[in-house]
Structures are given as C-alpha cells and as structure tokens.
Amino acid sequence: MATKPTNGYEQNFSRETDVEYNTFGVALRTLQCRLFGTTDVSRWRSAETFADDWLERTRIIAELVPKGTRVIEFGAGKRNLESRIDPTCTYIPSDIVSRGEDTLVLDLNTRPLPSLSHLNLDMAVFAGVIEYIVDLSSFVAWLSQQLSACIASYECAQTQPWRPARLMETIRRTGAGWVNTFTEEELLEVFRSEGFTPTETKEWRTADGSERIFVFRNLS
C-alpha cells in the first residue's frame, strides 16, 4: 500500500506513477471498501507502479528506526526500507501481496488479524498505509498486542468532524482511494486509546503537499 499527497485531485494519475487517482472507478472501489471493510487488492499488485519520490519518505523513516530493531514493514512495496535501516536491524516485509518469498502476506482490513508473537517484533512501520485501513481503532488495538513501538505516516485531514467542509474533504480523499479521514488530533487519540504515546514527529514534504510521520511508543 502507499499514499499520495492530497493536493492536485484534478489529476487522474500522479506524475510519478501509473497508480490511478480521482477517477470514478477508484471512488467506487473505495466506497465498496469502506462499506464492506475490504481492501482494493488490484490497486497494489505491481510495486513497479509506485512513485520514486516515496524514497525520501522511506529515508526519513529509516533514520527513526533504532539499531538492532526487529522491524516489520506493513505495505512493504519495493522493500526500499530494507536497505536503508541499520545493518544490525532485522527486516520483515509484509504486504497484501507477495514482495518476495519471505513476505508475510497480510490484509490489514481482515478480521480477526493473526498473532505475530512468534516474530518477536520490536517495531512496525507504515508508510502511506493507514489511509487504507477501514477500521483503524480495531487495528491499533490488535497492533498494541504485537509490539511496543511503531512509525506511521499519515496525511492528516484539515477539517473538523460534523462540518460541511469535512464531507467535501472526505469525498476528495475517497477520490485518492483513502477510506478514512482523521485530523492529527483524532489520529493521535486512536493510538493513545491503546497505550501508544507519540514521542517524535517528522514532516515529509513534496511538491504536491506534506505528510506527517509519527513515532509511537507504548511507555507503560
């Protein structure tokens, strides 16, 4: 899975990739995903369509992964994180389709999600993934039982709930294929409710917009 800045919704495709945005087909499939709690698997089958400028986001995230960490990357895509984290780290790729023989194939919208205790994980990484998780609350509840830290990027909503502007923003996000809409504070509350505390933030900036990168730890 991956993400695209929220600016430039008038484009049918991003400049860097062949992944579709803001088409009737995308919007229809996104609504179906929201309704049935599913994932648009066809959207992510080929990692070759993913944007090159996501590499900068990967670089920022890699710098936040401590040495010696057993890290799982959900939405591993091209597995660019693998070569950018410290060599003392153990990298475990996971995605909705295989990205190599060692991939943990997992749909984050399925319920129930399996236990990953056998992997002895320290940290999870989500780069442009959270926007595609339908029931984020139950997912974070599951995540809190698997590990004590995670790094997640998210394009935060700019409008408040129950306002007319929120409806329009949700429609625009649907055009991008995103199934949820959270402000930064709403997102943080989802993680806090399951014991995760935000300890650091970074900003990934592109010509089209920006995306916040959060480090969460369970300090209890």
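In what follows, the structure referred to is the one given above.
Everything numeric in this text was worked out from a predicted model, so none of it was measured. (Residues numbered from 1 in each chain as written. Predicted model: local features only at pLDDT ≥ 70, side-chain atom pairs only at ≥ 80, totals over all residues. Heavy atoms only, no water.)

Remarks on helix 4 (residues 164–175)
Move 1: Here helix 4 is 12 residues long and its end C-alpha atoms lie 17 Å apart, about the 16 Å a rise of 1.5 Å per residue gives.
Move 2: Among the residues of helix 4, those classed as buried are Arg166, Glu169, Thr170, Arg173, Thr174 and Gly175.
Move 3: In the segment just after helix 4, Gly177 is the residue with positive phi, at about 95°. (Helix = DSSP H or I, 4+ residues; strand = E, 2+ residues; numbered from the N terminus. Expected span 1.5 Å × (residues − 1). Buried < 20%, exposed > 50% of the residue type's maximum accessible area, 1.4 Å probe, protein only.)

A word on the pattern of salt bridges
Move 1: A complete count under the given rule lists 12 salt bridges for this structure.
Move 2: Across the pair Arg59 and Glu56 runs a salt bridge, and its minimum N-O distance is 2.5 Å. Of this pair, Arg59 and Glu56 both sit in helix 2 (residues 54–64), three residues apart, which is roughly one turn of the helix.
Move 3: For Arg57, the salt bridge identified is with Glu211, shortest N-O distance 2.9 Å. You can see Arg57 sitting in helix 2 and its partner Glu211 sitting in strand 7 (residues 209–218), a full 154 residues away along the chain.
Move 4: Overall, the relative accessible area of 2% leaves Arg57 in the buried class.
Move 5: When salt bridges that share partners are traced, they join Glu56, Arg59 and Glu63 into one network. (Salt bridge = Lys/Arg side-chain N within 4 Å of Asp/Glu carboxyl O.)

Notes on the nonpolar core
Move 1: Ranked by size, the top nonpolar core spans 32 residues in total, and within it Ile72, Phe74, Phe126, Leu136, Phe139 and Leu143 carry the most contacts.
Move 2: For this core, the element with the highest residue contribution is helix 3 (residues 136–144), accounting for five residues.
Move 3: The contact partners of Leu143, leaving out residues within four places of it in the chain, are Phe74, Ala124, Phe126, Cys150 and Phe196.
Move 4: Listed in part, the 28 residues of the second largest apolar core include Trp54, Leu81, Val97 and Ala127. (Core = buried A, V, L, I, M, F, W, Y, C linked by side-chain atoms within 4.5 Å. Contact = heavy atoms within 4.5 Å.)

Taken by themselves, the reported measurements are silent on function.
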